[in-house]
Amino acid sequence: DSGVTQTPKHLITATGQRVTLRCSPRSGDLSVYWYQQSLDQGLQFLIQYYNGEERAKGNILERFSAQQFPDLHSELNLSSLELGDSALYFCASSVAYGETYGYTFGSGTRLTVV
Amino acid sequence: DAKTTQPPSMDCAEGRAANLPCNHSTISGNEYVYWYRQIHSQGPQYIIHGLKNNETNEMASLIITEDRKSSTLILPHATLRDTAVYYCIVREGGSNYKLTFGKGTLLTVNP
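Only a predicted model underlies this, so the values are computations on that prediction, with no experimental measurement involved.

Criteria and thresholds
Residues numbered from 1 in each chain as written. Chains lettered and ligands numbered in written order. Predicted model: local features only at pLDDT ≥ 70, side-chain atom pairs only at ≥ 80, totals over all residues. Heavy atoms only, no water. Helix = DSSP H or I, 4+ residues; strand = E, 2+ residues; numbered from the N terminus. Buried < 20%, exposed > 50% of the residue type's maximum accessible area, 1.4 Å probe, protein only. Contact = heavy atoms within 4.5 Å. Pairing = 2+ DSSP bridges. Axes fitted to C-alpha atoms, helices over the stretch in contact; angles between N-to-C directions. Phe/Tyr/Trp six-rings, centres within 6.5 Å; stacked < 30°, edge-to-face > 60°. Disulfide = S-S within 2.5 Å.

## Quick look at the overall build of chain A
Thought 1: Across its full length, chain A holds zero helices and 11 strands.
Thought 2: Starting at the N terminus and ending at the C terminus, chain A contains elements arranged as β-β-β-β-β-β-β-β-β-β-β.
Thought 3: The buried share of chain A, reckoned over its 114 residues, is 51%.
Thought 4: Within chain A, contacts between residues at least 6 apart in sequence are counted, and of these 56% link residues at least 24 apart.

Okay, structure coming up:
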């Protein structure tokens with residue numbers, strides 16, 4: 001157990017629907033990062049939050065949004081889902097931002113859009 | 001972030017040392033070298049990182065060449081559970097953000 005908790009572990013939904021993925025960072029970590037991993041794209045950085053504020057954006061679609069709440073958990077909202085959104089979604093956390101040690105990843109949410 | 005080049009796959013015999021190379025010829029002076037691994041669709045796992053000096057922890061050793069243009073991750077006694085994709089990443093220290101993952105090296109440890 002890495003200390004980063006992601007729920008649900010698996011999610012199957014239909015095209016056009018909206019889902020919410022949840023991430024609880026390790027105790028004491030203030031930064032949360034979201035990554036998408038599909039078969040043909042590898043691990044792609046989506047977005048980072050630090051203590052409730054967005055800090056960096058990567059290849060995140062406009063149909064996707066995220067936020068970090070006062071208790072530091074984060075949610076990734078995916079809407080108008082398409083078949084191509086099927087992927088593993090990972091959350092990672094770190095104490096702050098800018099430090100040089102590694103991030104801790106959760107075990108991921110596997111999203112299947114049918 | 002500087003780009004890295006890794007072989008797509010490597011094999012290693014169980015109990016032997018696994019030496020995974022990484023080229024990062026365009027690395028800048030303030031960029032660190034990180035290694036992560038991902039075991040079959042699990043979340044990536046941090047292994048080790050370094051700037052200039054060689055580093056060792058309970059998992060592995062990291063050897064960085066003097067010109068910093070390449071590095072080698074060494075798993076001293078590979079086990080079957082070390083079969084994974086290993087990612088070499090360079091990232092600026094003190095920056096706020098993302099690790100950029102490439103395709104990595106699939107290390108297969110054989111019995």
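## Description of the sheet that holds strand 3 (residues 19-24) of chain A
Residues and elements named next belong to chain A.
Thought 1: Overall, antiparallel pairing links the four strands, which are arranged 1-3-8-7 in an open sheet. Two strands in the sheet have a free side with no partner beyond their single neighbour: strand 1 (5-7) and strand 7 (64-68). Neighbour to neighbour, the strand axes of the sheet diverge by 15° on average, direction disregarded.
Thought 2: Two strands pair when backbone bridges link them, and strand 7 and strand 8 (residues 74-78) are joined in this way by five bridges, in the antiparallel orientation. Of the residues in strand 8, the one forming a bridge with Ala-66 is Leu-76.

## Some thoughts on the packing of aromatic side chains
Thought 1: Applying the stated criterion across every chain, the model contains 11 aromatic pairs over all chains.
Thought 2: Consider the rings of Phe-105 of chain A and Tyr-36 of chain B, whose centres lie 6.1 Å apart with planes at 85°: the pair is edge-to-face. Of this pair, Phe-105 of chain A sits in strand 10 (residues 104-105) while Tyr-36 of chain B sits in strand 3 (residues 31-38), which puts the two residues in different chains. Here Phe-105 of chain A matches Tyr-36 of chain B in class, with each residue buried.

## Side note on the state of the cysteines
A covalent bond between the sulfur atoms of two cysteines is referred to as a disulfide.
Thought 1: With the rule as written, the count across this model stands at two disulfides over all chains.
Thought 2: Bridging Cys-23 of chain A to Cys-91 of chain A, the disulfide has an S-S length of 1.8 Å. Between Cys-23 of chain A and Cys-91 of chain A, the S-S dihedral sits near -50°, and the bridge is therefore left-handed. Pair noted here: Cys-23 of chain A is in strand 3 and Cys-91 of chain A is in strand 9 (residues 87-94), with a separation of 68 residues, a long-range link. By the burial criterion, Cys-23 of chain A is buried, and Cys-91 of chain A matches it.
Thought 3: Here Cys-22 of chain B connects covalently by a disulfide to Cys-88 of chain B, the sulfurs 2.1 Å from one another. Handedness of the Cys-22 of chain B-Cys-88 of chain B disulfide follows from its S-S torsion of about -80°: it is left-handed. Of the two residues, Cys-22 of chain B is situated in strand 2 (residues 18-23) and Cys-88 of chain B in strand 8 (residues 84-92); the sequence distance between them amounts to 66 residues.
Thought 4: Take Cys-12 of chain B: it sits in no disulfide, and the sulfur closest to it among the cysteines is that of Cys-22 of chain B, at 18 Å.
Thought 5: For Cys-12 of chain B, a relative accessible area of 8% puts it in the buried group.

Taken by themselves, the reported measurements are silent on function.
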